[in-house]
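Spelled out, the chains give:
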Amino acid sequence: MDRKTKEYIAVCPDHCDAGFIAHATVEQEWKVDAFGEMLYCRADDLGTDLDASRRWICAKCGKGAQDLECVGIPVEQNSLNGKLMVPLEVLNVDYVFWNDLHSSDVVSCPIDHTASVPCANIQGAKLFLAVAGQMSESQDDVTFLAELGTDMILYLRGPRVECEGQIGL
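The model shown is predicted, which means the values in this text are computed figures rather than measured ones. (Residues numbered from 1 in each chain as written. Predicted model: local features only at pLDDT ≥ 70, side-chain atom pairs only at ≥ 80, totals over all residues. Heavy atoms only, no water.)

1. So, the overall build of the protein chain
To keep it simple, the criterion reads: Helix and strand assignments follow DSSP, with helices taken as H or I runs no shorter than four residues and strands as E runs no shorter than two, numbered in order from the N terminus. To sort residues, take the accessible area from a 1.4 Å probe on protein chains only and compare it with the maximum for the residue type: under 20% means buried, over 50% means exposed, and anything in between is partly exposed. Contacts between residues were defined by any pair of non-hydrogen atoms, one from each residue, lying within 4.5 Å. Each accessible area is a Shrake-Rupley estimate made with a 1.4 Å probe; only the visible protein chains count as cover when residues are assessed.
Regarding its fold elements, the protein chain presents zero helices and 13 strands. In the protein chain, the succession of helices and strands from N to C terminus is β-β-β-β-β-β-β-β-β-β-β-β-β. Buried residues in the protein chain amount to 30% of all 169 residues. Of the contacts formed within the protein chain by residues at least 6 apart in sequence, a portion of 42% connects residues at least 24 apart. Entry remark: accessible area of the protein chain is about 11,200 Å², with carbon and sulfur atoms responsible for 50%.

2. Observations concerning the pairing of strand 7 (residues 80-87)
Definition in use: Here a strand pair is declared whenever DSSP counts at least two bridges between the two strands.
Buried residues dominate strand 7, accounting for six of its eight residues. As judged from the eight bridges shared by strand 6 (residues 66-77) and strand 7, these two strands associate in the antiparallel manner. Across the sheet, the residue bridging to Val 71 is Val 86, located in strand 7. Pairing analysis gives four bridges linking strand 7 to strand 8 (residues 95-100), with the strands arranged antiparallel. Of the residues in strand 8, the one forming a bridge with Met 85 is Phe 97.

3. Regarding the pattern of salt bridges
Selection rule: Throughout this description, the term salt bridge denotes a Lys or Arg side-chain nitrogen within 4 Å of a carboxyl oxygen of Asp or Glu.
Under the defined criterion, the tally for this structure stands at four salt bridges. Glu 69 is paired through a salt bridge with Lys 6; the nearest N and O atoms lie 3.4 Å apart. Taken together, the residues span a long stretch of sequence, with Glu 69 in strand 6 and Lys 6 in strand 1 (residues 5-11) at a distance of 63 residues. Taking the relative accessible area as the measure of exposure, Lys 6 reaches 59% and is therefore exposed.

4. Some details on a nonpolar patch on the surface
For the record, the criterion: Here the term patch refers to residues with relative accessible area over 30% and no salt bridge, with like charges joined within 9 Å and nonpolar side chains (Val, Leu, Ile, Met, Phe, Trp, Tyr) within 5 Å.
On the surface, a cluster of nonpolar side chains totalling about 290 Å² of accessible area is made up of Trp 30, Val 32 and Met 38. Within the secondary structure, Met 38 is located in strand 4 (residues 38-48).

Shown next, in the form of structure tokens:
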């Protein structure tokens, strides 16, 4: 079963990871008395402009949000539980994005292009963005995660976990 989805996310161009300020309006229906004094609220309705993320501003630096089209890949391996957001133009970007299941924040993860295989660190795990044939799976340190497009393969290597009584070499 393929669980990858194409999604749009908003990111700060400076990668502040601070969330955004968006404008919302609240409309309420009140029951009032003859003097216009509110007796109680009958209904609430929330209207927003959240679809217009171009008008969102970063809560930290104040810059306008940038829309990115990404492939969202659920990750449930080792200590990672969340969604990896990989921009569709992965060969032309310097970041992938991580959304942990326990947080609503999306965190920018810089891609290290100086390594022999481009990679990004996500909560202690290393994600390799390899072209097909550039890496191969080995015993238990590199796990095939998902395929993106025609020539990009993602590998995830988790942090080493020592077992009780294990002897280090």
